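# Geometric and topological summary
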Amino acid sequence: MCKNENAEIAEIDLTDPKYQNAKIYELSFPNTDITYIGSTIESLKTRLGKHRDKRNTYLRGNLYSNGDKPRYFSYYPLLNENNDMEIKLIHEYPCNNRFELENHEIDIQMTTPNICNKIGKKNHSELFKCECGTIIIKKDKNIGKHFQTVRHIKNIMKLNNT
């Protein structure tokens with residue numbers, strides 16, 4: 001996958017075997033009926049640990065090793081000083097790629113009452129197949145950034161040399 005933090009697009013592989021382990025989960029918090037719906041290809045224990053670590057990093061004001069600020073998640077105010085939260089499997093969802101998993105996660109979020117997710121953050125997307133053969137999740141009409149990636153340029157050069 002090509003990563004460009006400023007890009008409005010994401011390139012994906014159509015099939016990635018690790019997504020056969022995908023699952024949809026729910027975080028619940030003490031003394032509230034509000035939940036958070038997420039998806040992962042990791043074990044639920046690992047994912048829960050990452051939620052706790054991210055909140056602790058955010059509260060300490062630390063930066064990640066790449067210099068980025070930690071993201072604020074909408075469930076942070078629901079947590080006490082012990083980061084008490086529980087994770088529960090909603091269902092397993094073997095699929096082919098991140099695009100399929102995220103769109104399914106949004107479908108579940110749309111039908112779940114009392115969630116604190118920011119659903120608009122990841123909205124239903126469409127796939128675009130570039131002439132270089134790369135499949136792109138198109139989140140808006142600006143796909144021009146893909147055309148400047150090393151991956152695109154190398155693939156086009158290969159096509160032109162054959």
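Residues numbered from 1 in each chain as written. Predicted model: local features only at pLDDT ≥ 70, side-chain atom pairs only at ≥ 80, totals over all residues. Heavy atoms only, no water.

This brings us to the overall build of the protein. Within the protein, the regular secondary structure consists of 3 helices and 6 strands. Of the regular secondary structure in the protein, the N- to C-terminal order runs β-β-β-α-β-α-β-β-α. Residues counted as buried form 37% of the 162 residues belonging to the protein. Just so you have it, the protein exposes about 10,100 Å², and 49% of that area is on carbon and sulfur atoms. (Helix = DSSP H or I, 4+ residues; strand = E, 2+ residues; numbered from the N terminus. Buried < 20%, exposed > 50% of the residue type's maximum accessible area, 1.4 Å probe, protein only. Areas by Shrake-Rupley, 256 points an atom, 1.4 Å probe, with all protein chains shown as cover.)

This brings us to the side chain of Arg-55. By the secondary structure assignment, Arg-55 is in helix H1 (residues 44-60). By relative accessible area, Arg-55 is classed as buried at 8%. With sequence-adjacent residues up to four places away left out, Arg-55 is seen in contact with Tyr-76, Leu-79, Asn-80 and Asn-83. (Contact = heavy atoms within 4.5 Å.)

Even without glycine at this site, Asn-31 takes up a positive phi of about 60°. Mapping Asn-31 onto the fold places it in the loop between strand S2 (23-28) and strand S3 (35-40). With phi around 60°, Asn-114 is a residue other than glycine that occupies positive phi space.

It is worth spelling out the sheet that holds S2 at this point. On the basis of which strands lie adjacent, the open sheet formed by 3 strands has the order S3-S2-S4 and antiparallel pairing. The sheet terminates laterally at S3 and strand S4 (86-92), the two strands that pair on one side only. Strand-to-strand twist across the sheet, computed as the mean angle between neighbouring axes with direction ignored, equals 30°. Against the sheet, helix H2 (residues 98-110) contacts S2, S3 and S4, and its axis sits at roughly 160° relative to S3. (Pairing = 2+ DSSP bridges. Axes fitted to C-alpha atoms, helices over the stretch in contact; angles between N-to-C directions.)

Quick look at the pattern of salt bridges now. On inspection of all chains with the given rule, the structure shows 4 salt bridges. The salt bridge involving Lys-88 is made with Glu-26; its shortest N-O contact spans 3.9 Å. In this pair, Lys-88 is assigned in strand S4 and Glu-26 in strand S2, connecting sequence segments 62 residues apart. Here Arg-98 makes a salt bridge to Glu-102, at a shortest N to O gap of 3.3 Å. Of this pair, Arg-98 and Glu-102 both sit in helix H2, 4 residues apart, which is roughly one turn of that helix. Judged by relative accessible area, Arg-98 falls into the buried class, the value being 19%. (Salt bridge = Lys/Arg side-chain N within 4 Å of Asp/Glu carboxyl O.)

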